[in-house]
Structures are given as structure tokens and as C-alpha cells.
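# Reading the structure
Residue strings, one per chain:
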Amino acid sequence: MRSRRSTRAGAASIAALLVTIVLVLAACGSQAGIGDSGGDEAAGVVAGQPRDQQAAEPPGEQSTTGGGPDSPEGYAAPIEQRIIKTGEVMLEVGNVAESLGRVRALAAGLGGHVGSSQAGTLDESASLTLRVPADRFDELLARLHELDSVEVLSEWTSEEDVTREVVDLAARISNLEASEATYRVLLDRAERIDDVLAVQSRLDQVRGEIEQLEGQLKTIEGQADLSTLSVVLIPHGQPVAAAHAAWDPGGQLESAFAALVGLAQGIGDAMIWLVIVWVPVLLLLGLIGLVLLRAALELRRRWPVRNEHREAGPMS
């Protein structure tokens, strides 16, 4: 019994020792990862300088630009929800030109503008794209429903929450800007040409990534700030008018008459060719055939008579 208890106690102590070693190694690894976030390239560039000069400024700049939980730009601050709103409305109106002007004025009155528009001649269908502030999007839809002599044929809207994407892009930009500041400090301290070129290459790469992310963030924020609504205006009775415009009795009569004239011309051309070309040719061929036929009959008629004379001659 004592041996079993001692064995169990020894195993428990060994397991506790292993857990302690794992925890210590994990803590050391996390501290090493944090300390090496400035990049191994940066340490190699300034290897020839004292260690206190290498770590004098970069850590301070990273801590100020990174934005901790207690800073105004930290993640602990309230995050504004960003939503991209889009939609499309099809309206049947009495006067397309007049309604088009009213819709333009409505968008301008709500602080927006017309992104693009397309209108036909006279009273044909028209379409335009409106960009209005996101908080006035619902009001724009309601105002379109209230327009006089307007009937809403179809309507659809969609909302896309891009808050997480905006936060992620902002965090990535902040981290890259901190790295950029570190590389600029190291570039000022570098003495060898190889070190300068290496740091400058990495600095250009980081700056390019920052500009790309800033462009994406600007596009998303612009779509979230100004919602997009496509409006299509269709005049009343357009299908009937289109069917009436498509039917042209006069044109059909002209087409039928032209077909008849073409048929008569074809028959006339055939008669001309028959009289001028084919009739003489047929007459000539008939005459030749007749001559040949008479010659053949004459030869057939004379051939038995000659044979009879030849047979009767020796007998006499």
C-alpha cells in the first residue's frame, strides 16, 4: 500500500512540475514575441550600436500610436455602427421630364446629389442614381411615395453591416503606421548601405500596404456615409403606346405593295428571257430535231427496198 501511495505521489509531483514548466515556457514565449514585434530585420540593422540606443525611441512610439484600451482611439471606446444601404425603386409617373426634375430636387433637399442619370427623348423611360446621407435614406423613400401622380411599381432595399470590416482596417492601418515609425527611426540610425537599402525596401512595402488599406477604408466609409438609391421612371400607358407605335398600317401596305411589284417584276423578267432567249433557242432546237427525225425516217424507209433488190438480183 505504501509503495502504491508513494508511486502516486511521485507521479502527481512530476505532473505538477511539467505543468509549471509549460506555463513558464508559454510566458517566456509571449514576452519574447512582444519584445520582437519590431522585426528581426530592425535588430540586424543596428547590431553595431549599443542596445540602449536601439530601444530608445521605437517602443515609445509604438505605445503611443498603437492606441491602448485607455486611449481615446483604443478598442474600449464605443464603436460607431457602419451600415451600407442600397435600394431600387420603380415609379410609374404621368410626366417623366417633370418627375425627373422633382426627384432631383428631392435628393438635393435631403443633402444628397445625383450620381448618374439616363433619360430618353420626349416622354420615354428615365433612370437616375441618388446618393443621400445614410440617416436620410428612409426619408427619401417615404418622400418618393408621397409624390403626386406617382405609383410605386416595385421597391427593394438592402443593408450591409460593415462595422467589423471598418474596425479591422483601422487596426491594421494603426499597426502598420507604428511599424513605419520604427523603420524610419532605424533608417536614420543605419550606417551601412546594405542596411539602408534593406530598411528602405521594408519601409516602402509598409507604406504601400498602408495606402492600399486607407483606400479600402475610404471607399467603405464613403458607401456607409452616402446611401445609394436607383430610381426608374416609367410613363403611364407605356405598353399601349409602345404597341401602338409598333403597328404601322401604312408601312405594312407599302411593304405588301413592294412585294407585289417585286413579284410582277420577277414574272416580267422571266417572260423577257423566255421570249428573247429561250423561244429562239427552243425553235432552233425543234427545227434541228425535226430535220434529224425526217432524215431518220427517210433512211428507214429506203433501207428495206435496197435489201429486196439485192436479194432479187442473183435469182434472176
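Before any of the text, the structure's been laid out above.
Since the structure is predicted, the reported quantities are computational estimates derived from the model, not experimental observations. (Residues numbered from 1 in each chain as written. Predicted model: local features only at pLDDT ≥ 70, side-chain atom pairs only at ≥ 80, totals over all residues. Heavy atoms only, no water.)

## Remarks on the overall build of the protein
Counting its secondary structure elements, the protein contains ten helices and five strands. Taking the intrachain contacts of the protein between residues at least 6 apart in sequence as the baseline, contacts between residues at least 24 apart amount to 80%. Approximately 22,100 Å² of the protein is accessible, and the part contributed by carbon and sulfur atoms is 60%. (Helix = DSSP H or I, 4+ residues; strand = E, 2+ residues; numbered from the N terminus. Contact = heavy atoms within 4.5 Å. Areas by Shrake-Rupley, 256 points an atom, 1.4 Å probe, with all protein chains shown as cover.)

## Here's the deal with the pattern of salt bridges
One pass over the full model with this rule turns up six salt bridges. For Asp-225, the salt bridge is made with Arg-82, and the minimal N-O distance between the two is 2.3 Å. One end of the pair, Asp-225, is in helix α8 (residues 193–225); the other, Arg-82, is in the loop between α4 (58–66) and β1 (83–93), and 143 residues separate them in sequence. The class for Arg-82 is buried, based on a relative accessible area of 11%. Sharing partners across several salt bridges, the network here consists of Arg-136, Glu-139 and Arg-143. (Salt bridge = Lys/Arg side-chain N within 4 Å of Asp/Glu carboxyl O. Buried < 20%, exposed > 50% of the residue type's maximum accessible area, 1.4 Å probe, protein only.)

## Here's the deal with the sheet that holds strand β4 (residues 150–161)
With mixed pairing, five strands are arranged side by side in an open sheet as β2-β3-β5-β1-β4. Two strands close off the open sheet at either side, each with one partner strand: β2 (113–119) and β4. Put simply, the sheet's adjacent strands are angled 15 degrees from each other on average, direction ignored. Note that β1 and β4 share eleven bridges and pair antiparallel. If you follow Ile-84 over to β4, its bridge partner there is Glu-160. (Pairing = 2+ DSSP bridges. Axes fitted to C-alpha atoms, helices over the stretch in contact; angles between N-to-C directions.)

## A look at the nonpolar core
Among the nonpolar cores identified, the biggest contains 22 residues, and Leu-91, Leu-140, Leu-144, Leu-229, Val-231 and Leu-233 are the most heavily contacted of them. Elements with a minimum of two residues in this core: β1, α5 (96–109), β3 (126–133), α6 (137–145) and β5 (226–235). With five residues, α5 is the single largest residue contributor to this core. Look past the residues within four positions of Leu-229 in its chain and what remains in contact with it is Gly-87, Glu-88, Val-89, Leu-128, Thr-129, Leu-130, Phe-137, Leu-140, Leu-141 and Leu-144. (Core = buried A, V, L, I, M, F, W, Y, C linked by side-chain atoms within 4.5 Å.)

## Regarding α6
Looking only at α6, the buried set comprises Phe-137, Leu-140, Leu-141 and Leu-144. Buried residues in α6, looked at end-on, bunch into an arc of 100 degrees, giving them a common side. Of the surrounding secondary structure, the elements contacted by the buried residues of α6 are β1, α5, β3, β4 and β5. (Arc of directions from axis to C-beta.)

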